[in-house]
Amino acid sequence: MLNKLSSARGLVSVRQVYLALVALMLIGIALSGCAEKKDARITPSETARQSLNAALTAWQNGQPAGEIPSASPPVQVVDSVWAKGRKLQSYEILSEQTEADGLRSFLVRLNLEGPKGSEEVRYIVKGRSPVWIYRQEDHERARSWEGYK
């Protein structure tokens, strides 16, 4: 009878170890699948808006397009109109949208000096540090070249 209890305890012990291993594997799989993986391209909404405001304010203040040294996190701007020297008098952020690929975009009314003074422009914001801000046309142009690298 002692052998039967021993072997019964042995079976329970092996079974308990087996169940514990299966449970640990399932927990590990669940945790690795549930952990939110941050896409480095996706800028949090508030950071995106603050970065766009910093960039457009820099433009208003006469700074050149490119790196915005006063921004935190660092901001890089790609805007061909700004780069050509057009002066920004004022701006208004009209709306924010999350694109299908998760990137943030903003519709902005720009009031520029000279002909065609007021226009609505969409800006694409991506990245975390630096945060990249693209005029939509410049972003599309850059994306078309990515396949040729």
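Structural notes, computed from the coordinates.

Thresholds, definitions, all that
- Residues numbered from 1 in each chain as written.
- Predicted model: local features only at pLDDT ≥ 70, side-chain atom pairs only at ≥ 80, totals over all residues.
- Heavy atoms only, no water.
- Helix = DSSP H or I, 4+ residues; strand = E, 2+ residues; numbered from the N terminus.
- Buried < 20%, exposed > 50% of the residue type's maximum accessible area, 1.4 Å probe, protein only.
- Contact = heavy atoms within 4.5 Å.
- Areas by Shrake-Rupley, 256 points an atom, 1.4 Å probe, with all protein chains shown as cover.
- Pairing = 2+ DSSP bridges.
- Expected span 1.5 Å × (residues − 1).
- Arc of directions from axis to C-beta.

Moving on to the overall build of the chain. Helix and strand counts for the chain come out as four helices and six strands. Along its sequence from the N terminus, the chain presents helices and strands in the succession α-α-β-β-α-β-β-β-β-α. When burial is assessed residue by residue, the chain has 28% of its 149 residues classed as buried. A fraction of 49% describes how many contacts in the chain between residues 6 or more apart in sequence connect residues 24 or more apart. Entry remark: accessible area of the chain is about 9,900 Å², with carbon and sulfur atoms responsible for 57%.

Glancing now at the pairing of strand β3 (residues 88-98). A regular strand places its side chains on the two faces of the sheet in alternate fashion. Here β3 pairs with strand β4 (residues 104-112) via nine bridges, running antiparallel. Directly across from S90, in β4, lies its bridge partner N111. In sequence, β3 turns back onto β4 through a hairpin of five residues, with G102 there showing a positive phi of about 95°.

Okay, helix α2 (residues 45-60) next. Taking 1.5 Å of rise per residue, 16 residues should cover 22 Å, and α2 covers 23 Å from first to last C-alpha, within 8% of that figure. Within the sequence span of α2, burial applies to A48, S51, L52, A55, L56, A58 and W59. Projection of α2 onto a plane perpendicular to its axis shows the buried side chains occupying an angular sector of 155°, all on one side. Phi turns positive one or two residues past the end of α2, at G62, with a value near 90°.

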